[in-house]
Structure formats: structure tokens, C-alpha cells
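Here's the letter readout for the chains.
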Amino acid sequence: MNIDQTLAPALAERRSAHLYRARKLLQSPQTPQVIVDGKPYLAFCSNDYLGLANHPDVISALQASAQTFGVGSGASHLVAGHSSEHHALEEELAAFTGRERALLFSTGYMANVGAITALVGQGDAIFEDRLNHASLLDAGLLSGARFQRFLHNDVDNLQNRLDKTDAARKLIVVDGVFSMDGDCAPLPELAALAQKNNAWLMVDDAHGFGCLGKTGAGSAEHFGLTQEQLPILMGTLGKAAGSFGAFIAGSEILIETLIQFARPYIYTTAMPPAVAAATRASLRIIQHEHWRREHLAQLIAHFRKGAAALGLQLMDSFSPIQPIVIGDEAKALLISQKLAERGILIVAIRPPTVPVGSSRLRITFSAQHAIEQVDQLLAVLADVIDAVGREVAHD
Ligand SMILES: *Cc1c(COP(=O)(O)O)cnc(C)c1O
């Protein structure tokens, strides 16, 4: 058998299980009104929660910086690629999150793999919520530490597991806001548990950063957790910040450890300095334009009220992630297709991204959406779910 003959059966299997993934072609900026595969849609599926991905100040910061610094950084941070834009962004991220220092990574995936593999290894133990993001699970497996997953948001289950370990280092890792459910981790309880058990707490705040907290600094600010209580804080810059990249914030010693030992930090080209400059502009908007978070909260409340009135099953989420669990993979796909026929873009999220049998419409909101657009979504959702329900019942 040649390579294609060997690979083809797994693709066929994926297709027949309704789990095949295809990319849509985005032909516009990431805004509520997008052009996809040549057609206009009202979209509810980006992670650009604050509507900054296409903000004029962020765009002009990128343009101005490219004029000054060019495009490519040309080298890794430790060789000759660490520009003054990267450095200034790190200082601003540290100040914003109330940590001693912050370290910029090219992506959130790399930040998670870099931090976790630098901090734990053989002889250590890592405890992850079972709904953690794939990058955290991959990092845990790659680290070589004894890897355990505890029940979602179940502090007692975690304590039981901690009681049974005699590992040298113990690392607890959770999403601050869970990416596919939208609910928050019980961070104050987890921080107390970590302290009591002499374990370290790491939070991936990809979906909290920018959205939660009075000034948008994320889950740590929302719960008032200091660097002492939450020593390893990770955030991404490609979601609410509307840019690209990620960071780890914490103590001086933590950051120096990552610079020395985090391989995905060391062995990769630094992000373009203009991207860091764009992120600096978006940080200023996050900190000063509180109306974005306030408007988002109004959209979310409006949606939840309307969806509950339609009898739709909501999740325990006050974040911009408002999934509607459908269950069956094929049915979730069908609903997503029917929504698209009506001009609404919402992607069906299926296994292995979510557990089997919990396929869902992952609805997300942006500060750029208007209340009227949420009403439009609710009206179409009501029609489509009703129609698909009847269709499935007749099968
Ligand atoms: C998106 C995401 C990441 C990965 O971040 P990238 O910058 O996109 O690589 C990590 N963790 C969580 C929870 C995420 O949602």
C-alpha cells in the first residue's frame, strides 16, 4: 500500500461518523457580518469577543510599526529577534495582570506546551480538569509527569487525587473560562486547595482575558487572585485582544525559568514586532473602553432570556460563550447547515473537541453585535430547531 491508500480509511471513517471537518473560506475581516464562501452571513462563532480584530486603531498600530520595524522579526527571542515592541508589550501585560513579569509566546498552544514541560517532568504529577483545552492536555502528556484528569470543576475529586500522590512537584491546570462550555473554573477554591496541598496552580485564561474583571484583566482580576495565589497565569492575544500570540505572567523567577527552559519559546521565530505593536493598541482599548464589556453583558443577558423563553437548554455561563448542546453529531451539523441557509453562521462543534454525544452549537458574542442581531438569531434558531426536531422525529 502506498501512503494515500494507507491514510484513506481513517478519512472515510471520519466522514461516515459525521466528524469530518472542512474549512470555510473567510473573505472579509472577522466581524459580525462576514463573507464566507462568497455569501454574506451574520456570524456568531468568532472569539473576537470585544470586536478588536478589525479596529482602526489596532490596524494603524500594525501599519505604523511595520513601517518602522519591517515585517519579519528575523530570529528567535534569544538570538536577535526580541524587539522593543515585544519588550514593551511584555511590560504592559505584567502591569495589566498585576504580575512581576510576563513572557510573550507566538501562540497559546506553544505557551501551554512551553510552560508545562518546563515546570514538570518525570517524578512530578499534573492534574487537569477533564474539559481542559487540547493544548493543555497535550502539554501534560508531553511533560512526562504523571498525568491525571479530574472531574469537571470538582474540587473534591481533585482533593482525592492529591491525597494519593507523593510526587515531588504537583501542578494543577485549568481553563479560567472553559472554551466549549463557557463556564468558569472555581478559582478561589482551587487556589486554596493548591496552597493547602503544596501544589502549583496554572490557569489558561484564553477566554477570560479581556472579558472578565473590572478592567478586563481576566479571571484573576474577576476573582481577585494575586500572583501568590495564582502563580502561573496564561492568556492569549488572538481572542478578546483581537490580535495574535499569548503570554505567561508570574514571578521574576518563573519567567526566567521559562526563558531558559521552555523549548517552544526558545526554538521558534519571534512574532512580527508589528503584531506586538497592534496588541499594545488593543490592550489600551481593553483597559479604557469599558462599554465593550458592558454591551457584551447586555447581549448575553438578552440572548439567555430569549433562549430560555424558547425552551432551549443553556449552560451555566455568563461569558460570551453560550453553547446550545444538541447531542447527536449529525443533528448538530444539520442545524448548523439550516442556520447557514437562513444567513446565520454558527459552527457545530463535534468530538473530539467535545465529549461524544455532546455536539453543540457554540454560539459566541462580540461587542460589535447589536441587540437586534441577537433577536434575529433567536428568531431563526426557533424556526430551525423546531423544523429539525420534526424532521428527526419523522425519520
Ligand atoms: C484558543 C485556545 C488556546 C490556544 O491559543 P492560540 O493562541 O490560538 O494557540 C489555548 N487554550 C485555550 C483555552 C484556548 O481556547
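Residues numbered from 1 in each chain as written. Predicted model: local features only at pLDDT ≥ 70, side-chain atom pairs only at ≥ 80, totals over all residues. Heavy atoms only, no water.

**Brief notes about the nonpolar core**
Among the nonpolar cores identified, the biggest contains 58 residues, and Leu93, Phe303, Leu339, Ile363, Phe365, Leu377 and Leu381 are the most heavily contacted of them. Split by domain, this core shows at least three residues from each of two domains, domain 1 (17–46 + 290–394) and domain 2 (56–288). In this structure Leu93 touches Ala102, Leu104, Phe209, Leu237, Phe247 and Leu283, once residues within four positions along its chain are discounted. By size, the runner-up hydrophobic cluster in this structure holds 27 residues, among which are Val113, Ala118, Met234 and Ala246. (Core = buried A, V, L, I, M, F, W, Y, C linked by side-chain atoms within 4.5 Å. Buried < 20%, exposed > 50% of the residue type's maximum accessible area, 1.4 Å probe, protein only. Domains from an automatic or database assignment. Contact = heavy atoms within 4.5 Å.)

**A word on the side chain of Ser179**
Tracing the chain through its elements places Ser179 in the loop between strand S6 (170–175) and helix H8 (187–196). Judged by its relative accessible area of 5%, Ser179 is buried. With sequence-adjacent residues up to four places away left out, Ser179 is seen in contact with His133, His207, Ile321 and Arg362. (Helix = DSSP H or I, 4+ residues; strand = E, 2+ residues; numbered from the N terminus.)

**Points about the site of the ligand**
Near the ligand you find 13 residues, and of these Gly108, Tyr109, Asp204, His207 and Lys239 are the closest. The separation between an oxygen atom of the ligand and a polar main-chain atom of Gly108 is 2.7 Å. A distance of 2.5 Å is found between an oxygen atom of the ligand and a side-chain nitrogen or oxygen belonging to His207. Computed on the free molecule, the ligand has an accessible area of 380 Å², of which 82% lies beneath the protein chains in the complex. The element contributing the most residues to the shell around the ligand is helix H5 (residues 108–119), with three residues. (Near = heavy atom within 4 Å. Polar contact = N/O pair within 3.5 Å; in protein donor to acceptor, adjacent residues only side chain to side chain. Areas by Shrake-Rupley, 256 points an atom, 1.4 Å probe, with all protein chains shown as cover.)

**Here's the deal with unusual backbone geometry**
It is generally the case that most residues other than glycine have a negative phi and that most peptide bonds are trans. Cis geometry marks the peptide bond from Pro351 to Pro352; its omega dihedral reads 5 degrees. Locating Pro352 in the fold gives a position in the loop between strand S12 (348–349) and strand S13 (359–364). One non-glycine residue, Asn198, lies in the positive phi region at around 55 degrees. Among the structural elements, Asn198 can be located in the loop between H8 and strand S7 (200–204). With relative accessibility at 59%, the residue Asn198 sits in the exposed group.

**Thoughts on the domain arrangement of the chain**
Taken as a whole, the chain is organised into domain 1 (17–46 + 290–394) and domain 2 (56–288). For domain 1 versus domain 2, the separation of C-alpha centres amounts to 28 Å. The interface is formed by 18 residues belonging to domain 1 together with 23 residues belonging to domain 2. Summing the contributions of domain 1 and of domain 2, the shared interface buries around 1,400 Å²; its carbon and sulfur component is 60%. At the boundary of domain 1 with domain 2, the tally comes to one salt bridge. The salt bridge involving Asp181 is made with Arg360; its shortest N-O contact spans 2.8 Å. For the pair domain 1 and domain 2, the interface holds eleven residue pairs in polar contact (both at pLDDT 80 or more). Counting residues per element, the ones that place at least two in the side of domain 1 that touches domain 2 are helix H13 (290–309), strand S10 (321–327) and S13. Per-class residue counts for the side of domain 1 that touches domain 2 are nine nonpolar, four polar and five charged. (Buried area = accessible area lost by both parts, 1.4 Å probe. Salt bridge = Lys/Arg side-chain N within 4 Å of Asp/Glu carboxyl O. Nonpolar A, V, L, I, M, F, W, Y, C, P; charged D, E, K, R; others polar.)

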